[in-house]
Amino acid sequence: MQATTTGDNRTGAATAEDGVRAMLEANARWAPGEPVDTTLADADRSLYILDSEAVGSIPPPVTVQGMLKTGFDKLIGERPEVLLDKLGERLAFERSGTRLYDALMCKYDTLAEEGEVPPLAVPLDAGGEDVPSTLQRIRNEEHQHFQMLTEAVRALGGDPTAQTPCADVGATASMGILQVVTDPRTTLAQSLNALLMAELADNAGWELLIALADEAGEDDLVQQFQRALAEEQEHLVTIKSWLTALVSSPTPTAAA
Ligand SMILES: [Fe+2]
Ligand SMILES: [Fe+2]
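Residues numbered from 1 in each chain as written. Chains lettered and ligands numbered in written order. Predicted model: local features only at pLDDT ≥ 70, side-chain atom pairs only at ≥ 80, totals over all residues.

Peer 1: Just checking my understanding: could you explain the packing of helix H8 (residues 188-215) against helix H9 (residues 219-247) for this structure?
Peer 2: Each pair of packed helices can be described by the angle between their axes along with the distance between the axes. Between H8 and H9, the shortest axis-to-axis distance is 9 Å and the interhelical angle comes to 160°. The orientation of H8 relative to H9 falls into the category roughly antiparallel. For the pair H8 and H9, the crossing hand works out as left-handed. Here the contact of H8 with H9 is composed, by residue class, of 21 nonpolar, 5 polar and 6 charged. (Axes fitted to C-alpha atoms, helices over the stretch in contact; angles between N-to-C directions. Helix = DSSP H or I, 4+ residues; strand = E, 2+ residues; numbered from the N terminus. Parallel < 35°, antiparallel > 145°, perpendicular 65-115°, else oblique. Left-handed = near helix turned anticlockwise from the far one by under 90°. Nonpolar A, V, L, I, M, F, W, Y, C, P; charged D, E, K, R; others polar.)

Peer 1: Please explain the packing of helix H4 (residues 80-113) against helix H7 (residues 175-182) as it appears in this structure.
Peer 2: Viewed as axis vectors pointing N to C, H4 and H7 meet at an angle of 15°, and their least axial separation amounts to 9 Å. If you check the angle between H4 and H7, you find them roughly parallel. As H4 runs across H7, the sense of the crossing is left-handed. Here Ser 96, Arg 99, Leu 100, Ala 103 and Leu 104 of H4 lie close against H7, whose contacting residues are Ile 177, Leu 178, Val 181 and Thr 182. Of the residues contributing to the contact of H4 with H7, the split by class is 6 nonpolar, 2 polar and 1 charged. (Contact = placed C-beta atoms within 7 Å.)

Peer 1: Where do I start with the environment of Gln 136 in this structure?
Peer 2: With respect to the element layout, Gln 136 can be found in helix H5 (residues 131-155). A C-alpha to C-alpha distance of 7.6 Å links Gln 136 and Met 105, two positions 31 residues apart in sequence.

Peer 1: Sorry if this is basic, but what is going on with H5 here?
Peer 2: The α-helix winds at 3.6 residues per turn, so residues separated by three or four positions along the chain end up facing the same way. For H5, built from 25 residues, the straight-helix expectation of 36 Å at 1.5 Å per residue is met to within 8% by its first-to-last C-alpha distance of 36 Å. The set of residues buried in H5 consists of Leu 135, Ile 138, Glu 141, Glu 142, His 145, Leu 149, Ala 152 and Val 153. Gly 157 occupies a position one or two residues after H5 and carries a positive phi of about 85°. (Expected span 1.5 Å × (residues − 1). Buried ≥ 20, exposed ≤ 12 C-beta atoms within 10 Å, placed from the backbone.)

So, in C-alpha coordinates, the structure goes:
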(Lines give C-alpha, C1' and ligand atoms only; values in the text may rest on other atoms or scores of the structure.)
(Ligands and ions follow the chains in the order given, each with its own letter.)
Protein backbone atom coordinates (compact mmCIF):
# COMPACT_ATOMS: atom_id res chain seq x y z
CA MET A 1 0.00 0.00 0.00
CA GLN A 2 1.33 3.43 -0.89
CA ALA A 3 2.01 5.59 2.14
CA THR A 4 0.15 8.87 2.26
CA THR A 5 2.36 11.92 2.21
CA THR A 6 1.92 15.61 2.75
CA GLY A 7 4.90 16.32 0.50
CA ASP A 8 8.30 16.54 2.13
CA ASN A 9 9.41 19.46 0.00
CA ARG A 10 6.56 21.75 1.06
CA THR A 11 6.58 24.22 3.90
CA GLY A 12 4.52 23.83 7.08
CA ALA A 13 2.43 26.86 6.07
CA ALA A 14 1.52 25.32 2.72
CA THR A 15 0.58 22.05 4.45
CA ALA A 16 -1.66 23.90 6.87
CA GLU A 17 -3.35 25.72 3.98
CA ASP A 18 -3.91 22.36 2.25
CA GLY A 19 -5.47 21.05 5.42
CA VAL A 20 -7.88 23.96 5.69
CA ARG A 21 -8.82 23.61 2.00
CA ALA A 22 -9.43 19.88 2.44
CA MET A 23 -11.66 20.51 5.45
CA LEU A 24 -13.70 23.12 3.58
CA GLU A 25 -14.07 20.78 0.58
CA ALA A 26 -15.18 17.93 2.82
CA ASN A 27 -17.67 20.19 4.54
CA ALA A 28 -19.11 21.36 1.20
CA ARG A 29 -19.38 17.77 -0.03
CA TRP A 30 -20.79 15.95 3.01
CA ALA A 31 -22.45 18.48 5.31
CA PRO A 32 -26.25 18.09 5.26
CA GLY A 33 -27.96 20.64 3.04
CA GLU A 34 -30.75 21.24 5.52
CA PRO A 35 -30.78 21.63 9.31
CA VAL A 36 -30.60 18.22 11.02
CA ASP A 37 -33.97 17.12 12.34
CA THR A 38 -33.48 15.96 15.96
CA THR A 39 -37.17 15.33 16.68
CA LEU A 40 -36.78 11.55 16.94
CA ALA A 41 -33.60 11.80 19.04
CA ASP A 42 -35.33 14.29 21.36
CA ALA A 43 -38.33 11.98 21.70
CA ASP A 44 -35.98 9.12 22.65
CA ARG A 45 -34.24 11.31 25.20
CA SER A 46 -37.59 12.33 26.69
CA LEU A 47 -38.57 8.66 27.08
CA TYR A 48 -35.35 7.91 28.96
CA ILE A 49 -35.74 11.02 31.14
CA LEU A 50 -39.24 9.98 32.16
CA ASP A 51 -38.37 6.29 32.69
CA SER A 52 -35.08 6.71 34.56
CA GLU A 53 -34.61 6.37 38.28
CA ALA A 54 -32.78 9.07 40.27
CA VAL A 55 -28.98 9.06 40.74
CA GLY A 56 -28.82 7.23 44.08
CA SER A 57 -30.51 8.25 47.30
CA ILE A 58 -29.60 9.94 50.57
CA PRO A 59 -28.56 7.48 53.25
CA PRO A 60 -30.66 7.87 56.43
CA PRO A 61 -28.95 9.23 59.57
CA VAL A 62 -26.60 6.55 60.88
CA THR A 63 -27.29 6.94 64.58
CA VAL A 64 -30.45 7.69 66.50
CA GLN A 65 -28.17 9.14 69.16
CA GLY A 66 -26.74 11.53 66.58
CA MET A 67 -30.23 12.60 65.51
CA LEU A 68 -31.37 13.31 69.05
CA LYS A 69 -28.17 14.85 70.30
CA THR A 70 -27.83 17.31 67.47
CA GLY A 71 -31.45 18.25 67.00
CA PHE A 72 -31.61 16.62 63.59
CA ASP A 73 -35.25 15.84 64.40
CA LYS A 74 -36.14 19.51 64.24
CA LEU A 75 -35.41 19.36 60.52
CA ILE A 76 -37.71 16.45 59.86
CA GLY A 77 -40.58 17.60 57.69
CA GLU A 78 -38.39 20.34 56.18
CA ARG A 79 -36.57 18.12 53.69
CA PRO A 80 -33.41 17.55 55.76
CA GLU A 81 -32.17 15.27 53.00
CA VAL A 82 -31.54 18.30 50.79
CA LEU A 83 -29.10 19.76 53.31
CA LEU A 84 -27.35 16.40 53.78
CA ASP A 85 -27.17 15.89 50.02
CA LYS A 86 -25.60 19.31 49.50
CA LEU A 87 -23.24 18.83 52.46
CA GLY A 88 -22.12 15.59 50.81
CA GLU A 89 -21.61 17.39 47.51
CA ARG A 90 -19.49 20.15 49.08
CA LEU A 91 -17.50 17.61 51.09
CA ALA A 92 -16.60 15.65 47.96
CA PHE A 93 -15.74 18.84 46.06
CA GLU A 94 -13.42 20.12 48.82
CA ARG A 95 -11.65 16.74 48.93
CA SER A 96 -11.16 16.89 45.15
CA GLY A 97 -10.10 20.54 45.49
CA THR A 98 -7.27 19.46 47.78
CA ARG A 99 -6.05 17.05 45.09
CA LEU A 100 -6.42 19.71 42.42
CA TYR A 101 -4.08 22.02 44.31
CA ASP A 102 -1.63 19.16 44.92
CA ALA A 103 -1.47 18.67 41.15
CA LEU A 104 -1.22 22.40 40.46
CA MET A 105 1.64 22.78 42.96
CA CYS A 106 3.55 20.01 41.19
CA LYS A 107 3.09 21.72 37.82
CA TYR A 108 4.05 25.13 39.20
CA ASP A 109 7.18 23.82 40.97
CA THR A 110 8.32 21.92 37.87
CA LEU A 111 7.95 24.89 35.54
CA ALA A 112 9.33 27.39 38.07
CA GLU A 113 12.49 25.30 38.53
CA GLU A 114 13.01 25.50 34.77
CA GLY A 115 12.57 29.30 34.91
CA GLU A 116 9.40 29.05 32.83
CA VAL A 117 7.05 31.01 35.12
CA PRO A 118 7.07 34.82 35.06
CA PRO A 119 6.83 36.54 38.47
CA LEU A 120 3.26 36.35 39.82
CA ALA A 121 1.90 38.69 42.48
CA VAL A 122 0.52 37.10 45.63
CA PRO A 123 -2.54 38.49 47.48
CA LEU A 124 -1.77 41.77 49.21
CA ASP A 125 -3.02 40.61 52.60
CA ALA A 126 -1.19 37.32 52.58
CA GLY A 127 1.65 38.55 54.79
CA GLY A 128 4.81 37.95 52.82
CA GLU A 129 3.81 34.71 51.13
CA ASP A 130 5.46 33.62 47.91
CA VAL A 131 3.56 31.73 45.22
CA PRO A 132 4.38 28.20 46.52
CA SER A 133 3.31 29.08 50.06
CA THR A 134 0.10 30.73 48.78
CA LEU A 135 -0.68 27.55 46.85
CA GLN A 136 0.09 25.48 49.92
CA ARG A 137 -2.17 27.66 52.10
CA ILE A 138 -5.07 27.43 49.64
CA ARG A 139 -4.56 23.66 49.43
CA ASN A 140 -4.66 23.42 53.23
CA GLU A 141 -7.82 25.54 53.39
CA GLU A 142 -9.58 23.20 50.94
CA HIS A 143 -8.57 20.31 53.17
CA GLN A 144 -9.78 22.12 56.31
CA HIS A 145 -13.13 22.73 54.60
CA PHE A 146 -13.36 19.02 53.85
CA GLN A 147 -12.65 18.18 57.50
CA MET A 148 -15.14 20.77 58.76
CA LEU A 149 -17.85 19.35 56.49
CA THR A 150 -17.04 15.84 57.67
CA GLU A 151 -17.76 16.97 61.23
CA ALA A 152 -20.92 18.83 60.15
CA VAL A 153 -22.37 15.71 58.47
CA ARG A 154 -21.44 13.60 61.49
CA ALA A 155 -23.05 16.11 63.87
CA LEU A 156 -26.29 15.89 61.90
CA GLY A 157 -26.27 12.12 62.25
CA GLY A 158 -25.20 11.51 58.64
CA ASP A 159 -22.43 9.36 57.20
CA PRO A 160 -19.59 11.55 55.84
CA THR A 161 -18.19 8.62 53.85
CA ALA A 162 -21.42 8.16 51.86
CA GLN A 163 -21.48 9.46 48.30
CA THR A 164 -24.74 11.41 48.11
CA PRO A 165 -26.51 11.87 44.74
CA CYS A 166 -25.32 15.49 44.38
CA ALA A 167 -21.77 14.39 45.30
CA ASP A 168 -21.98 11.80 42.54
CA VAL A 169 -23.28 14.30 39.97
CA GLY A 170 -20.75 16.94 41.04
CA ALA A 171 -17.89 14.46 40.66
CA THR A 172 -19.01 13.62 37.14
CA ALA A 173 -19.36 17.29 36.19
CA SER A 174 -15.91 18.23 37.51
CA MET A 175 -14.05 15.19 36.17
CA GLY A 176 -12.57 17.21 33.32
CA ILE A 177 -11.05 19.77 35.67
CA LEU A 178 -8.75 17.20 37.30
CA GLN A 179 -7.92 15.76 33.88
CA VAL A 180 -6.81 19.18 32.64
CA VAL A 181 -4.63 19.93 35.66
CA THR A 182 -2.96 16.50 35.77
CA ASP A 183 -2.37 16.37 32.00
CA PRO A 184 1.42 16.84 31.59
CA ARG A 185 0.87 18.72 28.32
CA THR A 186 -1.27 21.52 29.76
CA THR A 187 0.36 24.84 30.59
CA LEU A 188 0.14 26.51 33.98
CA ALA A 189 -2.34 29.02 32.49
CA GLN A 190 -4.57 26.24 31.14
CA SER A 191 -4.46 24.55 34.55
CA LEU A 192 -5.37 27.83 36.26
CA ASN A 193 -8.28 28.21 33.86
CA ALA A 194 -9.58 24.83 35.03
CA LEU A 195 -9.01 25.88 38.65
CA LEU A 196 -11.00 29.03 37.95
CA MET A 197 -14.00 26.89 36.99
CA ALA A 198 -13.59 24.92 40.22
CA GLU A 199 -13.34 28.05 42.38
CA LEU A 200 -16.37 29.66 40.71
CA ALA A 201 -18.41 26.52 41.42
CA ASP A 202 -16.96 26.40 44.92
CA ASN A 203 -18.05 29.95 45.72
CA ALA A 204 -21.59 29.39 44.42
CA GLY A 205 -21.74 26.06 46.26
CA TRP A 206 -20.88 27.64 49.62
CA GLU A 207 -23.44 30.41 49.08
CA LEU A 208 -26.14 27.81 48.49
CA LEU A 209 -25.05 25.76 51.49
CA ILE A 210 -25.18 28.85 53.73
CA ALA A 211 -28.75 29.54 52.55
CA LEU A 212 -29.80 25.93 53.24
CA ALA A 213 -28.17 25.84 56.70
CA ASP A 214 -29.80 29.19 57.49
CA GLU A 215 -33.23 27.89 56.46
CA ALA A 216 -32.66 24.84 58.67
CA GLY A 217 -31.83 27.09 61.63
CA GLU A 218 -28.30 25.67 61.90
CA ASP A 219 -26.69 28.93 63.06
CA ASP A 220 -23.35 27.39 64.06
CA LEU A 221 -22.99 25.85 60.62
CA VAL A 222 -23.89 29.15 58.96
CA GLN A 223 -21.04 30.88 60.78
CA GLN A 224 -18.52 28.18 59.88
CA PHE A 225 -19.67 28.17 56.25
CA GLN A 226 -19.39 31.94 56.00
CA ARG A 227 -15.75 31.73 57.10
CA ALA A 228 -15.15 29.10 54.43
CA LEU A 229 -16.85 31.28 51.81
CA ALA A 230 -14.59 34.23 52.70
CA GLU A 231 -11.57 31.99 52.05
CA GLU A 232 -13.06 30.73 48.79
CA GLN A 233 -13.60 34.31 47.63
CA GLU A 234 -9.91 34.96 48.19
CA HIS A 235 -8.98 31.78 46.28
CA LEU A 236 -11.06 32.99 43.35
CA VAL A 237 -9.41 36.43 43.27
CA THR A 238 -5.93 34.87 43.46
CA ILE A 239 -6.47 32.31 40.69
CA LYS A 240 -8.10 34.89 38.46
CA SER A 241 -5.25 37.37 38.92
CA TRP A 242 -2.60 34.74 38.17
CA LEU A 243 -4.42 33.59 35.06
CA THR A 244 -4.75 37.17 33.84
CA ALA A 245 -1.04 37.83 34.51
CA LEU A 246 0.05 34.72 32.60
CA VAL A 247 -2.08 35.22 29.51
CA SER A 248 -1.26 38.93 29.27
CA SER A 249 2.48 38.47 29.88
CA PRO A 250 4.46 40.15 27.08
CA THR A 251 7.14 37.42 27.27
CA PRO A 252 5.96 34.03 26.01
CA THR A 253 6.82 31.18 28.40
CA ALA A 254 5.92 27.50 28.69
CA ALA A 255 3.63 28.45 31.60
CA ALA A 256 1.22 30.38 29.39
FE1 LIG B 1 -13.13 24.77 48.16
FE1 LIG C 1 -11.18 27.14 46.86
